[in-house]
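Listed here are the chains, written in short residue letters.
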Amino acid sequence: MGRDAELATLHELLQQNQRIAITAITGMGGVGKTELAIQYAATYQEHYPSGICWIRGRDEDIAQQIVEFAEIYLDLKPPKTNEQENVKEKKKAVKWCWQHWHQGNALVILDDVNYYEVIKPYLPPQNSKFWVLITTRLQLLTSVQRLELEVLKSKAAINLLESLINKIFLPEELNIAHELCQKLGYLPLGLELVGRYLSHKPDLSLAEVLQQLREQGLTQKALKKHKWALDITAQEGVAAAFELSWKELSSDAQELSYILCIFDLVPISWHIVEQCFPERNRQKLKDIRDDFLLDFHLLQHEGNQTYRLHELVREFFQSKLVESTQTNLIEAVTLTVGKIVKRSPTCANKLFQKGLLNWSFPPNLHLSALEWGKLVWIASQSWYEGLGKLAPLVMPIRKNGDLPVLGIAITHKEPNSGSIAFEPIQNDDPNSLNIITGWYFGHDIKESVIELPQNILNSLENNYNDYTDDYSNDWNYFLQMYPIKQNFHAPWQYTSSAFLENLPELLKERRLSQISGYLSLEPAWYIAIYLTNRKIAEYYQYYLHYTTPIYLDEIENKLAQINMFQFSVMKQHCLNQLKTEVSNLRRKGQNHLKLPAAVENFRKTNYPSSQVLLEYIIDIYKNAIYDYENLVNDLFSPLLPQLQLASILPARLVGTVVLPKHRSDAIHFSWTWVPLPSDRQSYVDFKLGDTPLDIQDSRFNGIIQNSKLNLIYRMYPVYPRIGSFDQTPFTKGWLGTFPVTNLVYQWLWNDLKVINWVRDERLDDMGYPCWR
């Protein structure tokens, strides 16, 4: 909408609102509200023969201004007021002015109102000769009483720049002019200040001003008010205009702005923002958004629960973030992302995957090795705190639970070469630079971050792979990134890549330690047979048939004879679980390691009865649910809100087993999950049947109507859904050799796949030997 159209629309609004007598011009700071009011007063002054009264609405004595106007311009003698008088006396004086105002229509303009409650007692009476026009950053009044100003369209912005510079852009200048307007977010105040600046400095090109804005942002001189631009209605420059709104924000709203400004200039899903504040009440967070950021036009609603920051507002918020952290922009953003990682690592990972941090560092900025190291350290420390008990399993951590010392180097890598060259950097092209880091587990270095020593670099150049993940030396766990990505995502991508590779390996090897349950018993049983019956244990089927209890004395004797470190890490895990099981059994006064009764009864005969088979599958799934809940609550608690199966627990697992009628027939099992109230415990409800589970089953009552679960991701739906599997012919390996371990790890893998913490569609079968 052009300025003439805006003036006409405003006049129409004022006439339509005659009964209400109040109209507001609203919009963000710098959008031209005051300027429009001035132009309206000048254009339509003949419509208001008894005067146009201009009142400063921000932090001023409203009553005193009205009284002074009546005295000076209307030659009235109202009762005297002063700042010390109470509101009641001031209202009496203002009321007198309205009653004795000259005949004819009058326009009262209250400019830059920041508190409606302050001006309300002094407004003229309704249904009178007074029209009231308010300019404000707030979303005051109803929508029919407001004219909301927006930033300029691209063409209008170019036309404004051309008029201010007094020239028509040549075709080769138009692209730069469009970039300049885009950088200013098409904000009228920014465009006017830059236009006046260019007009005052005719030797300065558009390209030069654009480069200065990229490098200096809101601190660039062109965005400040100078003596040659005193006729601009804004009191100061762009930053000062935003500062007025900033002062009105609550501390919670300012904290929200710190989060919003770290995202790239793209529409932001409010669902993502909510996940950045997992401990905040969602409705209260929305109220903060609506009552402050939206109300002051600092945040733009894009529709469909998405929002966007204006380019210059985002830059202003970033300057406030830097001020609050007393650092530079890169470090301030990294620290803020770190807070999100600590509160919700799954949310942070989602930010990275959606590219919300893929915006570039300031131009012509080259970080030193130690500056990069500080960013990597902040990211590593944040992941360490955010991942909780999972962190020591997937990250380089000292035995005392602290992060080791980070060593870092920036090296040069020749194009089209697979080798790393560690000579000093000969060029500063960021696309040819390589970061390499290592962790120091010794005790002689006190700093948190240092440059990698030259002797370590020399060793790496000779044999890089020998140092990766080697914890036997002081320096180990080396990692590299080539090329260095000059954006805010880089330190997070760099640090997360290692543990997102380590986590799937842990799951594939089934070696997450537990202090009880089948996840402890099954690897313990496996390694106990391995230690006490080595020859027999070479045969896969033996594990399915062996049910004889094993004396603890025999196990302890074998354990005393072995060297743990001669075994693979997978078998070391089994040995540790065996030690745990032996210790638990000794405390209970027992002398044997043995299988649970339901498992033993099922495995000791080739053709178990239907009752034995049902008891077996109930026992397996009951303990799988129990162990899954314990595992995720113990090691994956920071991820719990996003783990799909965990989100519906407690639940009832309903299932039907269809037995084979002949030995050559298939056995069929089908199931579904039914969420339970949070004060209940999970349980299984299985039965034998002639047909698979379907929605006609009486146990299905209430399942479809249950509204507890509102899943966002449905790649691996767990509810409402009927799952099933068959085996032909039926064997004792029906549910696997170590069935609870199989189930729990598969459930967990599916959960992590949904949130993109593992890549493969399904967890590979355990294979044989199970723990190699």
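Higher on the page you've got the structure.
Every chain is numbered independently, its residues counted from 1 as its sequence is written. Given that the model is predicted, a residue must reach a pLDDT of at least 70 before its local features are reported, and side-chain atom pairs must reach 80 or more before they are shown or counted; all residues, however, enter totals for whole chains, interfaces and linings. Computation of side-chain values covers all heavy atoms of the structure but excludes hydrogens and water.

1. Re the overall build of the protein
Only DSSP runs of H or I covering at least 4 residues are called helices, and only runs of E covering at least 2 are called strands; the numbering of each starts at the N terminus. The helix and strand tally for the protein stands at 28 helices and 18 strands. Taken over 772 residues, the protein has a buried fraction of 53%. Long-range pairs, those at least 24 residues apart, make up 73% of the contacts in the protein with a sequence separation of at least 6. Note on areas: Shrake-Rupley, 1.4 Å probe, and residue coverage restricted to the protein chains presented here. Working note: accessible area of the protein is about 36,200 Å², and carbon and sulfur atoms make up 48% of it. Burial status follows relative accessibility: with a 1.4 Å probe on protein chains alone, a residue under 20% of its type maximum counts as buried, one over 50% as exposed, and anything between as partly exposed. Any two residues having at least one pair of non-hydrogen atoms within 4.5 Å are treated as being in contact.

2. Some words on the packing of helix α15 (residues 329–343) against helix α16 (residues 345–353)
It is the contact of α15 with α16, at a shortest axis distance of 5 Å, that shows an interaxial angle of 130°. By the angle between their axes, α15 is oblique relative to α16. Contacts between α15 and α16 involve Val337, Ile340, Val341 and Arg343 on the former and, on the latter, Pro345, Cys347, Ala348, Leu351 and Phe352. The nonpolar class holds Ala, Val, Leu, Ile, Met, Phe, Trp, Tyr, Cys and Pro. Asp, Glu, Lys and Arg form the charged class, and all remaining residues, Gly among them, are polar. For the contact of α15 with α16, the per-class residue count stands at 8 nonpolar, no polar and 1 charged. Axis lines are fitted to C-alpha atoms, over the contacting stretch for helices. Their N-to-C directions set the angle, which ranges from 0 to 180 degrees. Any angle between 65 and 115 degrees counts as roughly perpendicular, while under 35 counts as roughly parallel, over 145 as roughly antiparallel, and the rest as oblique.

3. Some details on empty space enclosed by the protein
Grid points spaced at 1 Å over the protein atoms alone were grouped into cavities, where a 1.4 Å probe fits but cannot get out, and pockets, open sets with protein on both sides within 12 Å along at least five of seven lines, with lining residues defined by an atom within 4 Å of a point. Grid points are joined across faces, edges and corners, and a volume is the space filled by probe spheres set on the points. In total, this model carries 3 cavities of 30 Å³ or more according to the counting rule given. Computed from the structure, the largest cavity encloses a volume of approximately 140 Å³. Pro396, Trp439, Tyr477, Thr495 and Ala498 are, among the 13 residues lining the largest cavity, the residues nearest its centre. Going through the elements one at a time, α17 (369–387), β10 (433–440), β12 (475–481) and α20 (490–508) are the ones with two or more residues in the lining of the largest cavity.

4. Structural notes on the pairing of strand β16 (residues 667–675)
Strand residues, when the strand is regular, have side chains that alternate between the two faces of the sheet. For β16, the buried fraction is high: 9 of the 9 residues fall into the buried class. The alternating pattern of β16 places Ile667, Phe669, Trp671, Trp673 and Pro675 and His668, Ser670, Thr672 and Val674 on opposite faces, both of which are buried. Pairing between strands is defined by DSSP: at least two bridges between them are needed. The pairing of strand β15 (residues 651–658) with β16 spans 8 bridges and is antiparallel. The residue of β16 that forms the bridge with threonine 656 is serine 670.

5. Some thoughts on the side chain of threonine 136
Mapped onto the elements of the fold, threonine 136 is located in strand β4 (residues 130–136). Residues contacting threonine 136, with those up to four places away along its chain left out, are Ile25, Thr26, Gly27, Lys33 and Val113.

6. Overview of the sheet that holds strand β9 (residues 405–412)
Within the open sheet, the 4 strands sit side by side as β11-β9-β10-β12. Their pairing is mixed. Each of the sheet's edge strands pairs with one partner strand only, and the pair in question is β11 (449–451) and β12. Taking each pair of neighbouring strands and ignoring which way they run, the sheet shows an average axis angle of 25°. Judged from the 8 bridges that link them, β9 and β10 form a sheet pairing that is antiparallel.

7. What about the pairing of strand β7 (residues 300–303)?
Across 3 bridges, β7 lies against strand β8 (residues 306–308) in antiparallel orientation. Looking across to β8, one finds that glycine 303 is bridged to threonine 306. Between β7 and β8, which pair antiparallel one after the other, the connecting turn spans 2 residues, and asparagine 304 there sits at a positive phi close to 55°.

8. Re the pattern of salt bridges
Here, a salt bridge means any side-chain nitrogen of Lys or Arg that lies within 4 Å of a carboxyl oxygen of Asp or Glu. Tallied over the entire structure, the rule returns 27 salt bridges. Residue glutamate 255 is joined to arginine 343 by a salt bridge in which the shortest nitrogen-to-oxygen separation is 3.9 Å. You can see glutamate 255 sitting in helix α11 (residues 251–260) and its partner arginine 343 sitting in helix α15, a full 88 residues away along the chain. On the basis of relative accessible area, arginine 343 is assigned to the partly exposed category, the value being 29%. Through salt bridges that share partners, Arg58, Asp112, Arg137 and Glu248 make up one connected network.

9. Regarding the packing of aromatic side chains
What counts as a ring pair is set by centres within 6.5 Å for rings of Phe, Tyr and Trp (its six-membered ring), and what kind of pair is set by the plane angle: stacked under 30 degrees, edge-to-face over 60, tilted for all other angles. As enumerated under the stated definition, the model contains 41 aromatic pairs in all. With 4.8 Å between their ring centres and 35° between their planes, phenylalanine 69 and tyrosine 73 make a pair best called tilted. Remark: tyrosine 73 and phenylalanine 69 occur in helix α3 (residues 62–74); sequence separation between them is 4 residues, near one turn of the helix. Both rings, one in phenylalanine 499 and one in tryptophan 757, keep their centres 5.8 Å apart while their planes meet at 40°; by these two values the pair is tilted. With phenylalanine 499 in helix α20 and tryptophan 757 in the segment after α28 (739–754), this residue pair connects regions lying 258 residues apart in the sequence.

10. Considering the environment of isoleucine 550
Note that isoleucine 550 resides in strand β13 (residues 550–551). Isoleucine 550 gets classed as buried once you look at its relative accessible area, which sits at 2%. Once the C-alpha coordinates of isoleucine 550 and histidine 592 are considered, the two residues, 42 residues apart in sequence, prove to be 5.3 Å apart. In this structure, isoleucine 550 is in contact with Trp525, Ala528, Ile529, Thr532, Ile555, Asn591, His592 and Leu593, ignoring residues within four places of it in sequence.

11. Comments concerning the environment of isoleucine 527
Tracing the backbone shows isoleucine 527 in helix α21 (residues 518–532). Linking isoleucine 527 and isoleucine 555, residues 28 residues apart in sequence, is a C-alpha distance of 9.8 Å. Those residues in contact with isoleucine 527, other than ones at most four positions away along the chain, are Lys571, Cys574, Leu575 and Leu578.

12. Remarks on the sheet that holds strand β5 (residues 146–148)
Pairing in this open sheet of 5 strands is parallel, and the strands run β2-β3-β4-β1-β5 from one edge to the other. Where the open sheet ends on each side, the last strands, each with one partner, are β2 (52–56) and β5. The mean inter-strand angle of the sheet, taken between neighbouring strand axes irrespective of direction, is 15°. Summarising the sheet, β2 and strand β3 (residues 106–113) pair through 5 bridges and their orientation is parallel.

13. A few points about the nonpolar core
For the purposes of this section, nonpolar cores are sets of buried Ala, Val, Leu, Ile, Met, Phe, Trp, Tyr and Cys residues that join through side-chain atoms within 4.5 Å. One finds Phe636 and Leu752 to be the most contacted residues of the largest nonpolar core, which totals 231 residues. Here this core gets 13 residues from one element, more than from any other, and that element is helix α26 (residues 610–635). Every residue in contact with phenylalanine 636, bar those within four places of it in the chain, is listed here: Leu390, Leu503, Leu512, Leu631, Leu643, Leu748 and Leu752.

14. Quick word on helix α8 (residues 188–200)
For a helix, the expected span equals 1.5 Å multiplied by the number of residues minus one. For α8, with 13 residues, the first-to-last C-alpha span of 18 Å sits near the 18 Å given by 1.5 Å per residue. Here α8 lies mainly inside the structure; 10 of its 13 residues are buried. For α8, the complete set of buried residues consists of Pro188, Leu189, Gly190, Leu191, Leu193, Val194, Gly195, Arg196, Tyr197 and Leu198. Along its buried surface, α8 packs onto α6 (154–165), α7 (171–183), α9 (206–216) and α10 (238–246).

15. Details of unusual backbone geometry
Geometrically, the link from leucine 649 to proline 650 is a cis peptide bond, its omega value of 5° lying close to zero. Along the polypeptide, proline 650 turns up in the loop between α27 (644–648) and β15. Here the phi dihedral of histidine 297 falls at roughly 55°; this positive angle occurs in a residue that is not glycine. Within the secondary structure, histidine 297 sits in the loop between α13 (282–294) and β7. Positive phi, close to 55°, is recorded for glutamine 326, a residue that is not glycine. Positionally, glutamine 326 belongs in the loop between α14 (311–325) and α15.

16. Let's talk about the packing of α20 against α28
Put simply, α20 and α28 touch, their axes get as near as 10 Å, and they point 160° apart. In terms of orientation, α20 and α28 fall into the roughly antiparallel class. The handedness of the crossing between α20 and α28 comes out as left-handed. Two secondary-structure elements touch here, α20 through Leu503, Pro504, Leu506, Leu507 and Lys508 and α28 through Tyr745, Leu748, Trp749 and Leu752. Across the contact of α20 with α28, the residue classes tally to 8 nonpolar, no polar and 1 charged. Note: crossing handedness is left-handed where the near helix turns anticlockwise from the far helix by less than a right angle, and right-handed where it turns clockwise.

17. Topic: the state of the cysteines
Criterion for a disulfide: a pair of cysteine sulfur atoms at a distance within 2.5 Å. According to the stated counting rule, one finds 0 disulfides in the structure shown. Cysteine cysteine 53 remains unbridged, with the sulfur of cysteine 97 as its closest cysteine sulfur at 9.1 Å. Judged by its relative accessible area of 0%, cysteine 53 is buried.

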